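Chain by chain, the residues:
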Amino acid sequence: MASKALVLLPFFILLVVSSAYPSKKPYKPCKQLVLYFHDIIYNGNNKENATSAIVAAPQGANLTVLAGQFHFGNIAVFDDPITLDNNLHSKPVGRAQGMYLYDTKNTYTAWLGFSFVFNSSDYQGSINFIGADPLMNKTRDISVVGGTGDFFMHRGIATLMTDSFEGEVYFRLRADIKFYECW
């Protein structure tokens, strides 16, 4: 009986030691993209250039001016050009289409739900995003929840950074997209 215990003892020690120090598998992206999208919000005077519009606002608010108090209650839809560099006038590789809503009363925070829809020789299909966007942070991560075409069933993280803004009419976001599941 004692000999069986001596034989099993090293296995139990190995099991305890390996459980105490779990191996962390470093995750490496299977694909990565850096894209820019340019949002020009309709302000009542720029209908030819606007790529987004406020579609809902707090009671009594103006749909051409973002509400006060951290824009709480505003909902905007957008159809923004996506470029490979930060130049608004570069050839678009697709469109960012979706919505954002300002959902916090005490800081600038938005909730995003949108897709990058590609229609170029570089990429075909779409990438779908969803998540909270705490605008005051230099970088923010949102979830990549799927895609179609070249991005079929892809999932990962998109790190957003406000690359430029001009008042409350124009902003440009840099999206560093890392896919960790690629089909």
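So, here's what we can say about the structure. (Residues numbered from 1 in each chain as written. Predicted model: local features only at pLDDT ≥ 70, side-chain atom pairs only at ≥ 80, totals over all residues. Heavy atoms only, no water.)

## Some remarks on the pattern of salt bridges
For clarity, the threshold we go by: Just to be clear on terms, a salt bridge is a Lys or Arg side-chain nitrogen sitting within 4 Å of an Asp or Glu carboxyl oxygen.
By the definition in use, this model includes five salt bridges. In this structure, Asp 163 and Arg 172 form a salt bridge, with 2.5 Å as the shortest nitrogen-oxygen distance. Residue Asp 176 is joined to Lys 178 by a salt bridge in which the shortest nitrogen-to-oxygen separation is 3.2 Å.

## Topic: the environment of Ala 96
Test applied: A run of H or I in DSSP becomes a helix once it reaches four residues, and a run of E becomes a strand once it reaches two; helices and strands are each numbered from the N terminus. Each residue gets one of three labels from its accessible area relative to the maximum for its type: buried under 20%, exposed over 50%, partly exposed in between, using a 1.4 Å probe on protein chains only.
Of note, Ala 96 is situated in strand β4 (residues 94-102). Looking at Ala 96, the relative accessible area reads 0%, which means it is buried. Remark: the alpha-carbon pair of Ala 96 and Val 117, spanning 21 residues in sequence, is separated by 6.3 Å.

## Remarks on the nonpolar core
To be explicit about the condition: By nonpolar core is meant a set of buried Ala, Val, Leu, Ile, Met, Phe, Trp, Tyr and Cys residues that side-chain atoms within 4.5 Å join together. In this description, contact between two residues means that some pair of their heavy atoms is separated by no more than 4.5 Å.
Core analysis: the biggest nonpolar cluster contains 30 residues, and Phe 116, Ile 127, Phe 129 and Ile 177 have the highest contact counts within it. For this core, the secondary structure elements donating two or more residues are β1 (31-40), β3 (75-83), β4, β5 (109-119), β6 (124-134), β7 (139-149), β8 (155-166) and β9 (170-181). No other element matches the five residues that β5 contributes to this core. If we ignore the near neighbours within four places in the chain, the residues touching Ile 177 are Lys 31, Gln 32, Leu 33, Leu 35, Phe 116, Ile 127, Phe 129, Val 144, Ile 157 and Ala 158.

## Some thoughts on the state of the cysteines
To keep it simple, the criterion reads: Two cysteine sulfurs form a disulfide in these notes if their separation is within 2.5 Å.
Under the definition given, this model contains one disulfide. Through a disulfide, Cys 30 is tied to Cys 182; the S-S separation comes to 2.0 Å. Here the disulfide of Cys 30 and Cys 182 is right-handed, its torsion about the S-S bond being about 80 degrees. Separated by 152 residues along the polypeptide, Cys 30 in the loop between α1 (2-20) and β1 and Cys 182 in the segment after β9 bring together distant segments of the chain. The partly exposed category is assigned to Cys 182, whose relative accessible area is 31%.

## Examining the pairing of β4
Definition in use: Only strands joined by at least two bridges in the DSSP assignment are considered to pair.
Here β3 runs beside β4; their pairing, made up of eight bridges, is antiparallel. Looking at β4, one finds that Phe 78 is bridged to Gly 98. Relative to β5, β4 is paired through nine bridges, and the arrangement is antiparallel. The partner of Tyr 102 across the bridge, within β5, is Ala 110. Here β4 hands over to β5 after six residues, the two strands then running antiparallel side by side.

## Comments concerning the environment of Ile 41
Here Ile 41 is to be found in the loop between β1 and β2 (52-56). Not counting chain neighbours up to four residues away, the residues in contact with Ile 41 comprise Asn 46, Ala 50, Ser 52, Ile 54, Leu 66, Tyr 100, Glu 168 and Val 169.

## Section: the pairing of β6
One ladder, built from eleven bridges, connects β5 with β6; its direction is antiparallel. Counterpart to Ala 110 in the pairing with β6 is Asp 133. Taking the residues that link successive antiparallel strands as the turn, the β5-β6 hairpin has four residues. Summarising the sheet, β6 and β7 pair through six bridges and their orientation is antiparallel. Following the sheet pairing, Gly 125 is matched in β7 by Gly 149. Hairpin geometry of β6 and β7 is characterised by an intervening segment of four residues between the two adjacent antiparallel strands.

## A few points about the packing of aromatic side chains
To keep things clear, this is the line we draw: Only centres within 6.5 Å qualify two rings of Phe, Tyr or Trp (six-membered ring in Trp) as a pair; their planes then separate them into stacked at under 30 degrees, edge-to-face at over 60, and tilted for everything else.
On inspection of all chains with the given rule, the structure shows 15 aromatic pairs. Ring plane angle 35 degrees and centroid distance 5.6 Å describe the contact between Phe 78 and Tyr 100, whose orientation is recorded as tilted. Of the two residues, Phe 78 is situated in strand β3 and Tyr 100 in strand β4; the sequence distance between them amounts to 22 residues. Of the residues examined, Phe 78 reaches a relative accessible area of 6% and is grouped as buried. With relative accessibility at 4%, the residue Tyr 100 sits in the buried group.

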